[in-house]
2 protein chains.
Amino acid sequence: MSTASAGTSYHHGNLRTALVEAGVDAVRELGPDGVALRDLARRVGVSHNAAYRHFSDRDELLAAIADVGMTALTESGAARLAAVSDPDPVRRARLRLRELGRGYIDFARRERGLFRVAFAGYPSLESAPAMDLADSEHAGPFGQLNDCLDDLVRVGYLSPDARAGAEFACWAAVHGMSMLLLEGPLQKVPDEVATAIIDHMLTAIDRSQWASGSDYEPLD
Amino acid sequence: MSTASAGTSYHHGNLRTALVEAGVDAVRELGPDGVALRDLARRVGVSHNAAYRHFSDRDELLAAIADVGMTALTESGAARLAAVSDPDPVRRARLRLRELGRGYIDFARRERGLFRVAFAGYPSLESAPAMDLADSEHAGPFGQLNDCLDDLVRVGYLSPDARAGAEFACWAAVHGMSMLLLEGPLQKVPDEVATAIIDHMLTAIDRSQWASGSDYEPLD
DNA sequence: TCCAAGTGTTGGCGGTGTCAACATCCGAGG
DNA sequence: CCTCGGATGTTGACACCGCCAACACTTGGA
């Protein structure tokens, strides 16, 4: 039933999962545009059009792959967060935010294809994979970021009034850096330069969270 | 010679430009994936394969379209910069940076397709369109950003030591916000929410540039 | 004048997504 | 135990695509 059958049987057993796994492999190698329904079917050992019994559309398969990618990104972030062990609560909260950002960008660079497919917009689908912002739970990377920022408020590093909206600014910075390094004009900067740039930006984020003692006067 | 000829002539006259223009239209409507060589040739009134006399590859045509997009983005930014007229030099410099960022994001939202194609990475090409970072001139949006930051240093708002590397952080933030709004999980937030988020982030950038009077102590 | 390079055309190959019709298997109801 | 219907996989076809090869026309300079 659940496991793949041995010899040649008319029914595959769990084609859907097999297709998604093959799709993940293909996306890893060639990116979202490098995955073809027919090719996936060929790899799995099934003839074309079989996929249409499990996905109405190519985009639907891509979305399933994107879901895997988003989950992997989330788990990668969770591992980074768990690895932070600093006794001082303020330093701990700051380091957690920094490591979350670093993990995000690292994942993007390590898993180019998965990252790209995870954030490729599929207009035919009603919601982006694995993260409905209006949703109350926030299971994905956005939720991790929100938790980190809430921690920063709790330990007194980030002032509550500066907290509002900070999640989007942080997310944009980290996501944008990933995109610029991945397929943007920063594609082929040397690795050492890239890590320096990333470090600088993470520091800027850390500093910009600390808004308490500042006498900044806004524009307008 | 240069202008399009009237009736039916074997040679088109300036096929390359016509193809790029048709490609820009197609990208505007359907995005980078929606442009097909054969379709473009059909629109221009020329038969398929004619494009291969001017572009060795589909990617090469896409790159030409991307160049148009990048130029449009640059001009849009220049217009925004020119519109800032504040007598106070500090306010003026700060407003210019803010407006440049707002213009970048606005362009991305207004010209979805052109923006996407401008930043789509074409691995077959040796350099990203219209912006070689190692180049000395920096004609594109990155150059505008650098100029704005230099101005901020000149007027004394941004400290010279905080200047280094700030261009990448700012760029990443603005670019990431564009991507999240364009094809990311922020695709369908209401317009008013989007503008609020953008404003908040631009303020955060402005505030984070002002690092002079802070007693921020770095991590590690 | 004529030839060679530049440009556009026709035809074809292999690939793709998707639809329609058909084949096979499995499990529930008799 | 049998049957039959739904789920699943297959074959075939259509239209489209990128790209290659061979051919046709046009034009400018030797």
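The structure under discussion appears in the preceding block.
Residues numbered from 1 in each chain as written. Chains lettered and ligands numbered in written order. Predicted model: local features only at pLDDT ≥ 70, side-chain atom pairs only at ≥ 80, totals over all residues.

**Q** What am I meant to see in the overall build of chain A here?
**A** Counting its secondary structure elements, chain A contains nine helices and zero strands. Its helices and strands taken in sequence order, chain A reads α-α-α-α-α-α-α-α-α from the N to the C terminus. Looking at chain A as a whole, 41% of its 220 residues qualify as buried. If you take every contact in chain A between residues at least 6 apart in sequence, the share linking residues at least 24 apart comes to 68%. (Helix = DSSP H or I, 4+ residues; strand = E, 2+ residues; numbered from the N terminus. Buried ≥ 20, exposed ≤ 12 C-beta atoms within 10 Å, placed from the backbone. Contact = placed C-beta atoms within 7 Å.)

**Q** Teacher, can you tell me more about the relation of the copies chain B and chain A here?
**A** Here chain B sits on chain A after a turn of 180° about the axis and a move of 0.0 Å along it, with an RMSD of 0.0 Å. Taken together, the turn and the small shift mark the pair as related by a two-fold rotation axis. (Least-squares fit on C-alpha atoms with pLDDT ≥ 70 in both.)

**Q** Please clarify how the nonpolar core should be interpreted in this entry.
**A** Buried together is how nonpolar side chains tend to be arranged in soluble globular proteins. Ranked by size, the top nonpolar core spans 112 residues in total, and within it Ala173 and Met201 of chain A together with Ala173 and Met201 of chain B carry the most contacts. With residues up to four places along the chain from it excluded, the contact list for Met201 of chain A reads Ala173 and Met177 of chain A together with Phe168, Ala169 and Ala172 of chain B. (Core = buried A, V, L, I, M, F, W, Y, C linked by C-beta atoms within 7 Å.)

**Q** Even after reading the chapter, I still don't get the interface of chain B and chain A, so can you show me in this structure?
**A** How big an interface is tends to be stated in terms of accessible area lost as the parts join. Counting residues at the interface gives 42 residues for chain B and 42 residues for chain A. Those elements that provide at least two residues to the side of chain B that touches chain A are helix 4 (89–110), helix 8 (166–182) and helix 9 (191–209) of chain B. It is helix 8 of chain B that provides the largest number of residues to the side of chain B that touches chain A, a total of eleven residues.

**Q** What is the right way to look at the packing of helix 6 (residues 141–154) of chain A against helix 8 (residues 166–182) of chain A in this model?
**A** Two packed helices can be described by the angle between their axes and the distance between those axes. Residues and elements named next belong to chain A. Closest axis-to-axis distance for the helix 6/helix 8 pair is 10 Å, and the angle between their directions is 125°. It follows from the interaxial angle that helix 6 and helix 8 lie oblique. Here the hand of the crossing between helix 6 and helix 8 comes out right-handed. In contact with Phe142, Leu145, Asn146 and Leu149 of helix 6, helix 8 contributes Ala166, Glu167, Cys170 and Trp171. Here the contact of helix 6 with helix 8 is built from residues that sort into six nonpolar, one polar and one charged. (Axes fitted to C-alpha atoms, helices over the stretch in contact; angles between N-to-C directions. Parallel < 35°, antiparallel > 145°, perpendicular 65-115°, else oblique. Left-handed = near helix turned anticlockwise from the far one by under 90°. Nonpolar A, V, L, I, M, F, W, Y, C, P; charged D, E, K, R; others polar.)

**Q** Hey, could you run me through helix 5 (residues 112–119) of chain B in this one?
**A** For an α-helix the count is 3.6 residues per turn, leaving residues at separations of three or four pointing the same way. Residues and elements named next belong to chain B. Burial of helix 5 is extensive: eight of the eight residues sit out of reach of the surface. Along helix 5, the residues classified as buried are Arg112, Gly113, Leu114, Phe115, Arg116, Val117, Ala118 and Phe119. Looking at the packing, one finds that the buried side of helix 5 touches helix 1 (15–30), helix 3 (58–83), helix 4 and helix 8.

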